[in-house]
Amino acid sequence: MASGGPEEEEAVAGEEQALRKLVVRLQNVQERKRLETLVQTLSDLLELAARQSGERPALPSPRLFSGKNVHVPLLLVVDLYPGAAGVQQMGWSLLCKLIEICPSTLQNIAPKDVGKDWEVLGVHQQILKMLTVHKGNINLSVIGLKALNLLLMSDIIAFLLLEEEVDVFSLVFNAMHTFPKNEEIQQHGCKALHKLFEKVPEEQLTEFVESKDHMIILKVFKEFPEKEEVILPALYSLHSLAGPRNNVEVLMSGNVRCYNVIVEIMKSFPSSETVQEVSCCLLHKLTLGNFFNILVLHKVPEVIVKAVTTYPENAKLQAAALSCLALLTETIFLNRDLEERKEEEEEEKLCWLEACYRALELHRKNTDVLEAACWALKNLFLYQRNLHEKIGDGDNQFPIDREVMLSMLMHSSSKVFQAAASTLAILSQQNVNIRKTLLAKGIHMNVLDIMRKHPHSPEVIESACRILNHVFEGSFPHLDVMTVAVSEVVKAMRKHEKSLSVQLEALRVLLHFMMPSKSSKESSFVYFKNKQLFCCHCNIQKCGLKLLGSVAECTGALEILTQQGATDTVLHTLQMYPDEQDIQCLGLSLLRSLITRKSLCIATMHVLSAVLVSTLRRFKEVTEIQMHGFHAILAILGLSPCFAKLLVNESFDTVIFYQMSMCFTDQRDQQFQSLCCRCFAKIAENDELKNTMLEKACMEYNSIMAECLLLLGADINKKTKTNSLIYQVCEKGSNPKLVELLLASGAREQDVRSALTISIKRGDSQIISLLLRKLSLDVTNSSICLGGFGFGRLEPSWLIPLFPDKLTQTRKQSAGSALARMVLKFQMKNISEDRSRASSDPNLSEDGVDRNYDWNFIPDPLVDSIFPLSDDIDSEGSEGPLFTKKKSNSIAVADLYCREMACQRGSPTLPRHSYSVGPGSDYEPLMKQRRKFLLSDESPRVSKLSSNIRPSDSLSSLISEKEYIKSLDLSSNELENIDAISQNSCLSSHLEHLEKLELHQNALTNIPEQLCENLKCLTYLDLHSNRFTSFPAYLLKMNCIANLDISRNDIGPSLALDPCLRCPTLKQLNLSYNQLVCTPEFLTSVAENLEQLLLEGNKISCLCSPLCLKDLKILNISKNSISSLSEDVFMGCTKLEQFNARMNILEKIPDLSSSITSLKLSQNCFTNVPEAILLLPHLRSVDLSQNKITSLPGPMHWKSLNLRELLFNHNQIDVLDLSEKACAWSRLEKLHLSHNKLKEACLLKKVTTAVKIIPSSVK
């Protein structure tokens, strides 16, 4: 600059003179001048420096102070007076001004220079000391933070500050916290924090946020919302803090949401480019935290779009904003779809399309902007499908494809190429015209050239293959182009064999060239180069399997694939990705082709069975996978029948059960139905597997398959690993239909009993009824025998089904039967085909089989409706009746029909203590018919067999002849009450027809009166061995009761019947073994027609009153304590025939009825034979053993000539006079005289000539 005039030069000289004087004063600090003078000196220096920078800007600022080293005495003064606020204020203000007007001052005040000349603190230590000592002084805090900002411009001083023990961050945070409303403090504090944050590691930044120091910065936005000069440094410092990921999570949460603050700032300062730039950069960092949904919901994309549109030339803003939009695109469109916005609002989605185009156009050399713009475009095209229509050279269109392609070609070695290639790939996929345009421009050649230039970059190779994949889609390139492309792709695959992403994209490219029409040489080459990659990645597996499928279609390729272990490779792939539907479908389809051309070893078959069954079970609703799987299984079964056992071991029966069951619900097509039946027919040829599958069907409650297997010959009584089949079914419970089916198929009685036990524990009433029906219902005798089961309780719901209804059941065709017929048809067809193939005679094919076997036509409309016959199912073309053929080692059609009839007749009943399949069972005729059928030379027509088994043979028909159950046995069941039976109205209608009811050996204390009222036809009631303590009088009110046994209870000590009650039908009353001390009162009037009275085993001591029972024939009072009988006790008992009073203490007996034929008076106290006995004219049997009788009257003393038995053993008899009228005992059959005192053996010899004496009876 030219020098000024004389006046100006004179002024400059004066200022220099003044500066020298002031510096001299400042240097003489040892004189200890007064503080006012020192402060004035500093003030003058500050004013002089201010004039240099403000009042006279024309003069160069450093000119006056340059080389003067004013900072040296200045720092000395500041160090000497740390507590003087005025000195500190002026000193640090002067230092700040010196740094502003003379930037070299910052380098000169470095501690290394000061330390050499002065023994004082370094400037970094002095500023920390000043901020510490005067932290409560607002003015000094302002100037201190300002000075700190200037000092931090030096990296050396910044490093020394961070190394000091005094925490500079704490001083800054403390000043901002102490003076929150001071604008300068907050401004300088944020600036200082920003500079310090940039120089510390991320771990320390994380500690600041964890300590919630960032809240001080966030308060700045709240206190100064309109002060840009304060807001901007706060944004910078917050941007630095948002570096670590953990900090982002904290900033996005809490009471003060950082994103809300930023959005409000961007709305408040739309014209401030710097604010918009910093805000976009900060939002970009927050977006990287994956808080996409929160940012979208709080309108972050709107402010970003506005910023990127407003400032298109700001590269930093464009890069950050477009990166944010690229990350948020998916969330933006998903939320808009949920909001269902109107069509006119859809244009808002295009708002950054033009911005991306402008960014590509204006910043072609800025890779950050180009990358961000390409990713933003790629995601925009991806989530807004119709946006590609805006691309082009027409009106209202943007030539974005050209700009993206240009970016890709200009920056092929950077990330820009990846982003641009992805964008072009999406455009090619969505828009055919763009794809054609790109091909016409030769983009594929450009991409291949880039691949050659950057062969070592996996990112470039991956992106290049991705765009080639989409560009070649649907096109038919020239053979030369294909050759070059395949060559480059294969080279890339060799080069990057460990990069999964490269391998995947490369395979996708190759798939475009792997058409059946291409040469097998190229196909095989590509396959073998990539075989080792089949265990790397899911998508690689899909592409690899597709590639193999294409190779397999080429001539001669299957043999090569088999030799190279393709089967094992596919199996391994299926095992690695069991849940991938596409892989499983492709793999099973390929296996089908490979298996039919290869001999299988046992190890491979084990793996095959496991893989096939696992896939079929996992994708049971995917028909395509099921079809491929069943075809593969059928092919393997054709090669190796033993494969069936491996399949069943892997639970393939569960799979085929489910699929065949679906056929009955019309959820599978006809072709699949046929395929299932063929597989099942193959497996069901093995008897052992049939039994195994039957067990599985029962465990899965599949009654259709269980019935089918039973009809095909599965053995229900085949020994299982644990319990019987019916036991296992009942243990699981809740399937009465299956239980009924098993019962009808011949389950053993012991198995049914064990099943009943578990069913009672479970409380499954319906199943209990079925089992009880099998065990207890005797149709022939119209009885139900439930005795001895030990139920403990009895539910009406168990009993009701045991009483058959009058309605005759009609025979219905079941689904299991239809399925069995269908399976048998395929089995017979397989036999015919096998014989045709095995025969060397060409004439012995179909016709030969027809001549040697009798075909039986079984019309079955259910089979036709479920399995419609067509050319796909039946190659013979039969469409009418279902035909089957007899085979010596398989189930014949007639046998199938017999089994079917047995299953549908209902559960055949078992006689008590018999076996269901033994002689006398309902199943026996079916077994005989089967044996007869199998042994016969010619199988009879089914029409003849069916005529022998009619529905009239069913259980309901047999019941209709008897109509009602007459006898019910509930004995020995530990029942405590039967109230529920009496209260059930449905059961009452059946009980009223009972004639016999057995309830003995339970724990009953009473019998419900209502039950007695319902038993209108009951004649026999057995209640013995219960716990009755009193006699229920209403028992005698039953209309037809004839036999009543209530013995072995606790009734007593007395029994008084209602004198007004009459029971003329009662013939037998058994009160034995109770606690009675006398005969029942009023018995004569109540039961005047009683014929048998049993009072054995009570505590009766005497009979004092006459019985007066005119029809009494049997009286038993044995085992009491009776010592005497009244003289008229037998008065009126004119028909008494048998009298039993054994085991009492009787010494005599009154007159007896002349009609008595039998007397049992053993174990009493008789000393002679009472006269009343000798006078009985019709006496046949006398038992007076174990008394004290001393003499036995001879034949002449007995009036009866019909004596058959005389039992007098264990007495005191010493004389037997047989000298007279011995012929009177000519009819005597037994004469027991053992254990007496007889001595005259000679007399006995005389007796033997006239009387029949048992030799052993006389000693």
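One structure accompanies this document, and this report is about it. (Residues numbered from 1 in each chain as written. Predicted model: local features only at pLDDT ≥ 70, side-chain atom pairs only at ≥ 80, totals over all residues. Heavy atoms only, no water.)

A few points about the environment of Q276
Inspection of the secondary structure puts Q276 in helix α18 (residues 273-287). Classification of Q276 by relative accessible area gives buried; the value is 4%. In this structure the C-alpha to C-alpha distance between Q276 and A307, which are 31 residues apart in sequence, comes to 6.3 Å. Setting aside anything within four residues of it in sequence, one finds Q276 in contact with M266, F269, P270, A307, Y311 and L317. Polar contacts involving the side chain of Q276 include one to the main-chain carbonyl oxygen of F269, which spans 2.7 Å. (Helix = DSSP H or I, 4+ residues; strand = E, 2+ residues; numbered from the N terminus. Buried < 20%, exposed > 50% of the residue type's maximum accessible area, 1.4 Å probe, protein only. Contact = heavy atoms within 4.5 Å. Polar contact = N/O pair within 3.5 Å; in protein donor to acceptor, adjacent residues only side chain to side chain.)

With respect to the packing of aromatic side chains
Following the criterion strictly, the structure yields 11 aromatic pairs and no others. Look at F169 and F208: their rings are 4.5 Å apart centre to centre, the planes differ by 50°, and that puts the pair in the tilted class. Pair noted here: F169 is in helix α11 (residues 168-178) and F208 is in helix α13 (residues 202-210), with a separation of 39 residues, a long-range link. Look at F208 and you get buried, because its relative accessible area is 8%. (Phe/Tyr/Trp six-rings, centres within 6.5 Å; stacked < 30°, edge-to-face > 60°.)

Regarding the packing of helix α5 (residues 85-101) against helix α8 (residues 123-133)
Axis angle and axis distance: for two packed helices, these are the angle between their axes and the distance between the axes, and together they describe the pair. At a closest axis distance of 12 Å, the pairing of α5 and α8 adopts a crossing angle of 135°. It follows that α5 is oblique to α8 by the angle criterion. Where α5 crosses over α8, the handedness of that crossing is left-handed. Each of Q88, W92 and L95 in α5 lies in contact with α8, whose residues at this interface are V123, Q126, I127 and M130. Across the contact of α5 with α8, the residue classes break down as five nonpolar, two polar and no charged. (Axes fitted to C-alpha atoms, helices over the stretch in contact; angles between N-to-C directions. Parallel < 35°, antiparallel > 145°, perpendicular 65-115°, else oblique. Left-handed = near helix turned anticlockwise from the far one by under 90°. Nonpolar A, V, L, I, M, F, W, Y, C, P; charged D, E, K, R; others polar.)

Things to note about the packing of helix α28 (residues 458-471) against helix α30 (residues 500-511)
Here α28 crosses α30 at 25°, and the two axes come no closer than 8 Å. Between α28 and α30, the interaxial angle falls into the category roughly parallel. For the crossing formed where α28 meets α30, the hand is left-handed. Contacts between α28 and α30 involve P458, I461, E462, C465, R466, L468 and N469 from the first element and S501, V502, E505, A506, R508 and V509 from the second. Looking at the contact of α28 with α30 residue by residue, the class counts come to seven nonpolar, two polar and four charged.

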